[in-house]
Amino acid sequence: MPIDFHDNANRFTYAEREVRADWTAAIRSLVEPAGRHVLDVGCGGGVYSPAWLGLGAASVMGVDFSAAMLSAARERLGGLAGLTFHQGDALATGLPDGCGDIVFERALIHHVADLDGCFAEAYRLLASGGTLIVQDRTIEDVDRPGSPTHLRGYFFERFPSLLEVERGRRPAAAAVEQAMRTAGFGRLRTLSLREVRREYADKTEVRADILARTGRSILHELSDAQLVEIADYIDERLPDGEPIREADHWTLWAGTRQAESLA
């Protein structure tokens, strides 16, 4: 069964992750966050929301449709100055027009059936001259051989049906670009990013992470018995007693809400 983002049992699955320098460098190459008001739409447990403050943003609002996810975010980050959270759907956030300078949508659009609606809402939320940044994986990003640096590839080796799930939900780069243009965005830019996901002390930590399905919605497609099979399969292929540095491959799209001309 697909992941239930509203289940309290999953509230911390997207809450605990370290944001690394490879991500911050990619963001800085697309936009200058200093002094900007950022809307982190689809924020989950809020991992990337404080990272924007670290980049100099004046304020950050994390937006998510899941009360369970937001409860984890508030529990972890509720006292951080400049950071607030709001429950709302990516297609209808309920926020005012033009309230953000940057809209950030990470690992969101592969869960959204209506790209046009999603990007129309992002356009509405942005002030004139504001920037939308979308970070997600295309099928080319995920369909890579399994290795100690790309554990996801092992999922597809053991259960090829998971790759078909990915083919059904991963956006094509051209479709994302077209939907952004349809919404009115200009100055489109695309960037490939190899982002370190996690550094594990050894493969026993990898196994625990897999069995917990931590931050991996694709693993919710498997039964508990199949999950153990995946963990065993990966365990057999990783070196003993060595650290594992896992990385994910992403595509970033950026577009600008064009500054409105004066009458």
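Here is what the cut-offs are and how they apply
- Residues numbered from 1 in each chain as written.
- Predicted model: local features only at pLDDT ≥ 70, side-chain atom pairs only at ≥ 80, totals over all residues.
- Heavy atoms only, no water.
- Phe/Tyr/Trp six-rings, centres within 6.5 Å; stacked < 30°, edge-to-face > 60°.
- Helix = DSSP H or I, 4+ residues; strand = E, 2+ residues; numbered from the N terminus.
- Buried < 20%, exposed > 50% of the residue type's maximum accessible area, 1.4 Å probe, protein only.
- Polar contact = N/O pair within 3.5 Å; in protein donor to acceptor, adjacent residues only side chain to side chain.
- Core = buried A, V, L, I, M, F, W, Y, C linked by side-chain atoms within 4.5 Å.
- Contact = heavy atoms within 4.5 Å.
- Salt bridge = Lys/Arg side-chain N within 4 Å of Asp/Glu carboxyl O.
- Arc of directions from axis to C-beta.
- Pairing = 2+ DSSP bridges.

Chemist: Account for the packing of aromatic side chains, naming residues and giving values.
Modeler: Here a ring pair, both rings aromatic, is described through the centre-centre distance and the interplanar angle of the planes. Under the criterion given, the structure shown has 7 aromatic pairs. A centroid spacing of 5.7 Å and a plane angle of 65 degrees characterise the contact between tryptophan 23 and phenylalanine 104, whose relative ring orientation is edge-to-face. Taken together, the residues tryptophan 23 in helix 1 (residues 21-30) and phenylalanine 104 in strand 4 (residues 100-106) connect sequence positions 81 residues apart. As far as burial versus exposure is concerned, tryptophan 23 and phenylalanine 104 are alike and both buried. On the numbers, 6.4 Å between centres and 50 degrees between planes, the contact of tyrosine 48 with phenylalanine 104 is tilted. With tyrosine 48 in the loop between strand 1 (37-41) and helix 2 (49-54) and phenylalanine 104 in strand 4, this pair connects stretches of sequence that are 56 residues apart. The class for tyrosine 48 is buried, based on a relative accessible area of 5%. According to the relative accessible area criterion, phenylalanine 104 is buried, its value standing at 0%. An aromatic cluster is built from Trp23, Tyr48, Trp52 and Phe104, whose rings are joined through pairwise contacts.

Chemist: Would you mind going over the side chain of threonine 93 in detail, with residue names and values included?
Modeler: Tracing the backbone shows threonine 93 in the loop between strand 3 (83-87) and strand 4. Within the local environment of threonine 93, its side chain forms a polar contact with the side chain of glutamate 121, the two groups lying 2.7 Å apart.

Chemist: Can you explain the nonpolar core? Please cite residues and give values.
Modeler: If you look at the biggest cluster of nonpolar residues, it comprises 27 residues, and the most contacted ones within it are Trp23, Ile27, Trp52 and Ile133. Elements with a contribution of two residues or more to this core: helix 1, helix 2, helix 3 (67-77), strand 3, strand 4 and strand 7 (244-257). Among the elements that make up this core, the one with the highest residue count is helix 1 (4 residues). Aside from chain neighbours lying at most four places away, what touches tryptophan 23 is Tyr48, Ala51, Trp52, Leu55, Phe104, Gln135, Leu193 and Glu195. One finds Leu95, Leu115, Leu132 and Val134 within the second-largest nonpolar core, a separate group that totals 23 residues.

Chemist: Any chance you could break down the pattern of salt bridges for me, citing the residues and the numbers?
Modeler: The final tally for this structure, using the stated rule, is 25 salt bridges. Notably, a salt bridge pairs arginine 124 with aspartate 97, separated by 2.5 Å at the nearest N-O pair. One end of the pair, arginine 124, is in helix 4 (residues 115-125); the other, aspartate 97, is in the loop between strand 3 and strand 4, and 27 residues separate them in sequence. With relative accessibility at 25%, the residue arginine 124 sits in the partly exposed group. Each of Arg197, Arg198, Glu205, Asp209, Arg216 and Glu246 takes part in one network of salt bridges that share partners.

Chemist: Pulling in residues and values, what's your account of helix 7 (residues 161-169)?
Modeler: Residues of helix 7 that are buried: Leu162, Leu163, Glu166 and Arg169. Seen from one end, helix 7 has its buried residues packed into an arc of 130 degrees, which puts them on one side. Buried residues in helix 7 make contact with helix 5 (139-142) and helix 6 (152-158).

Chemist: So what's going on with the pairing of strand 5 (residues 126-136)? Residues and values would help.
Modeler: Counting buried residues in strand 5 gives 8 out of 11 residues, a clear majority hidden from the surface. Here strand 4 runs beside strand 5; their pairing, made up of 6 bridges, is parallel. Within the sheet, the bridge partner assigned to glycine 100 lies in strand 5 and is leucine 126. Of the pairings in the sheet, the one linking strand 5 to strand 7 comprises 6 bridges and is antiparallel in character. Opposite leucine 132, over in strand 7, you have glycine 255 as the bridge partner.

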